[in-house]
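# Tertiary structure, described
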Amino acid sequence: MKKYLFFYILLILFLFYTDGFYTYLYYEREEIVEDFGEFRISKYPYNYDSVFLVTVDDISYYTDPDKLKVFLEYLKEKNVNPTLFVIPYHANEKITDNTEVIEILKEYDVEVAQHGYKHIEKEFKSRSYEEQIEMIKKGKEILEKDFEIYGFRSPGFYHNFGTSKALRDLGFSYESEMSVFDNFYIHYLLQLPHTRNGRVFMTHSLDPDIYIPKNAWSPKMKDFADWWKFRKDLIVNYSMAGNELYIFLSDYKEGLKITLKKDYRVHIVVREKELEYEREGDTIIL
Ligand SMILES: [Zn+2]
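Since this is a predicted model, take the numbers as computed values, not measurements. Position labels on residues start from 1 in each chain and follow its written sequence. It should be noted that, the model being predicted, local features are given only for residues of pLDDT at least 70 and side-chain atom pairs only at 80 or more, the latter also being counted only at that level, while totals for whole chains, interfaces and linings use all residues. Heavy atoms from the whole structure form the basis of all side-chain values; hydrogens and water molecules are not counted.

## Topic: the coordination of the zinc ion
The condition is simple: Only N, O and S atoms count as donors, using a 2.8 Å cut-off from the metal and 3.2 Å for Na, K and Ca, and because water is excluded some sites may appear unfinished. When a residue's accessible area, from a 1.4 Å probe over protein chains only, is under 20% of the maximum for its type it is buried; when over 50% it is exposed; and in between it is partly exposed.
Coordination sphere of the zinc ion, protein contribution only: Asp58 (OD), His115 (NE2) and His119 (NE2), at 2.1 Å. As a motif over one chain, the donors of the zinc ion read D-x56-H-x3-H. Judged by relative accessible area, histidine 115 falls into the buried class, the value being 1%.

Here is the structure:
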C-alpha cells in the first residue's frame, strides 16, 4: 500500500486538475451568482440558472434534408438554438452544393460552425501550424459563401497547439474540443464549454429525442461565447449614500440580472452613463 501511495496522490491531484472531466459526467449546478453584500449579480442572463448548449456534429453534403428539418423544428419549439458543426468538403462534395440543406440551415437561423476540412481520419493530429492554417482557411472559405463562421471543432477532437493558434489567427471566436485537457488553459482561444459552465448535449444523430432541462438558457454557441467573455471581464464597483445605491459596471449586456438585498433606490452606471432599467421587486434586469 505504502509503495503506491505516491501514485495515488498523483492520480487524485491529476483528477482535480482536470476537473472538467466531471462536468461531462455529471450535471452539476454550479455557483451561479456573485455576491457583493448589498446585491448579487447572476452569471447567466435573465432568469436562467444554467446553460444548455446543443451541438450536432458531421452535418455535410450527405445530410438528409427531411431529417434535418424535423430535428430543427423540434428544437425551435423547445426554444433551443443549436450549433451545427458542418464539414465543409466531405468525400469530394462541398456542403454548399447541397442547396436543400443550406436553405434549411438558413430558414431556421441556426449557427453553423466549422468541423474540420474534409473530416478524414485524425485530420489535424500531428500537423504543423502552417498546414492547419491552410486547411482551416480552405474549409472556412467554403462555409463563408453562405454563413458567418465563429466556431470550430476538430474531427474526433484531434487537435494540438497549432490548431488553436491557427483559429485565433483566422479570427474565430471560440473552439469547442470537449477535451478533459482543455482545463489546462493552454489554448490561444476561448474553449467552450468552459469548465463548470453548464452542460453540452453533443450528438451526431438528428433524432428529435433530447431531454431539455428546465430553466436553462440554450443560446447559439457564438452568443454564449460573447456572453462568457463579457461576464468574465465585467468589473463591478458600488457605493452607497443613505438609501441610494450606485452600481458601477465596466460594461453591460442585455439580460444582466441584479438581485437586491434591500429596497434601495438603485442607479446603474456604465462608463459614467446612467442606464434605464426594469425592476420587479428586488430584481433588476438590464
Ligand atoms: Zn465528426
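## Comments concerning unusual backbone geometry
Convention followed: Strands here mean DSSP runs of E at least two residues long; helices mean DSSP runs of H or I at least four residues long; both are numbered from the N terminus.
Look at aspartate 58: it is not a glycine, yet its phi comes out positive at around 70 degrees. In this fold, aspartate 58 is placed in strand 3 (residues 50-59). Of the residues examined, aspartate 58 reaches a relative accessible area of 28% and is grouped as partly exposed. Although it is not a glycine, arginine 271 adopts a positive phi angle of roughly 45 degrees.

## Quick notes on the packing of helix 5 (residues 129-143) against helix 6 (residues 161-169)
Defined as follows: Lines fitted to C-alpha atoms define the axes here, with helix axes fitted over just the stretch in contact, and angles between the N-to-C directions of these axes take values from 0 to 180 degrees. In these notes the angle categories are as follows: under 35 degrees is roughly parallel, over 145 is roughly antiparallel, 65 to 115 is roughly perpendicular, and the rest is oblique. Handedness of a crossing is defined here by the sense of rotation of the near helix relative to the far one, left-handed for an anticlockwise turn of less than a right angle and right-handed for a clockwise turn. Contact between two residues is taken to exist if any of their heavy atoms lie within 4.5 Å; hydrogens are not considered. Polarity classes work like this: nonpolar for Ala, Val, Leu, Ile, Met, Phe, Trp, Tyr, Cys and Pro, charged for Asp, Glu, Lys and Arg, and polar for all others, with Gly in that last group.
At a minimum axis separation of 9 Å, helix 5 and helix 6 run at an interaxial angle of 50 degrees. Judged by the inter-axis angle, helix 5 sits oblique to helix 6. Like other packed secondary-structure pairs, helix 5 and helix 6 cross with a definite hand, here right-handed. Counted together, Tyr129, Gln132, Ile133 and Ile136 of helix 5 and Gly162, Thr163, Lys165, Ala166, Leu167 and Asp169 of helix 6 form the full contact between these two elements. A breakdown of the residues in the contact of helix 5 with helix 6 according to their chemical character gives five nonpolar, three polar and two charged.

## A few points about the packing of aromatic side chains
We count it as follows: In this scheme Phe, Tyr and Trp rings, the latter by its six-membered ring, pair at centre separations within 6.5 Å, and the angle between planes marks the pair as stacked below 30 degrees, edge-to-face above 60, and tilted otherwise. Only when the NZ atom of a Lys or the CZ atom of an Arg is both within 6 Å of the ring centre and within 35 degrees of the ring normal do we say a charge sits over the ring.
All chains considered together, the criterion is met by 12 aromatic pairs. Both rings, one in phenylalanine 6 and one in phenylalanine 7, keep their centres 5.6 Å apart while their planes meet at 75 degrees; by these two values the pair is edge-to-face. Like phenylalanine 6, the residue phenylalanine 7 is exposed in the burial classification. Ring geometry for tyrosine 61 against tyrosine 62: centres 5.1 Å apart, planes inclined by 80 degrees, an arrangement best described as edge-to-face. The exposure class assigned to tyrosine 61 is partly exposed, which follows from its relative accessible area of 25%. In this structure an aromatic cluster arises from ring pairing among Trp217, Phe224, Trp227, Trp228 and Phe230. A cation sits over an aromatic face here: lysine 165 above tyrosine 129, 5.0 Å from the ring centre.

## Here's the deal with the side chain of serine 154
This is how the line gets drawn: We define a polar contact as two N or O atoms separated by no more than 3.5 Å, with the added condition that, inside protein, one atom must be a possible hydrogen donor and the other a possible acceptor, whereas residues neighbouring each other in sequence contribute only through side-chain atom pairs.
Looking at where serine 154 falls in the secondary structure, it is placed in the loop between strand 8 (151-153) and helix 6. Residue serine 154 is classed as buried on the basis of its relative accessible area, which comes to 0%. A polar contact of 2.8 Å, which involves the side chain of serine 154, links it to the side chain of glutamate 177. Other than its neighbours up to four places away in sequence, serine 154 contacts His115, Phe124, His159, Thr163 and Glu177.

## Overview of the sheet that holds strand 13 (residues 244-249)
Which entries qualify depends on this criterion: DSSP-based pairing: two strands are paired if at least 2 bridges between them are found.
Read from one edge to the other, the open sheet built from four strands follows the order 12-13-15-16, with strand pairing classed as mixed. Because the sheet does not close on itself, it has two edges, and the strands there are strand 12 (236-241) and strand 16 (273-275). Neighbour-to-neighbour, the strand axes of the sheet open up by a mean angle of 30 degrees, direction not taken into account. Here three bridges tie strand 15 (residues 265-270) to strand 16, and the two strands are oriented antiparallel to one another. Among the inter-strand pairings, isoleucine 268 is bridged to a residue of strand 16, identified as leucine 275.

## Examining helix 7 (residues 221-233)
As a reminder, the rule being used: Under the convention used throughout, the expected extent of a helix is 1.5 Å for every residue step, that is, one less than its residue count.
In a regular helix each residue adds 1.5 Å, so 13 residues correspond to 18 Å; helix 7 covers 18 Å between its end C-alpha atoms and thus fits that length. Listed as buried for helix 7 are Met221, Phe224, Ala225, Trp227, Trp228, Phe230 and Arg231.

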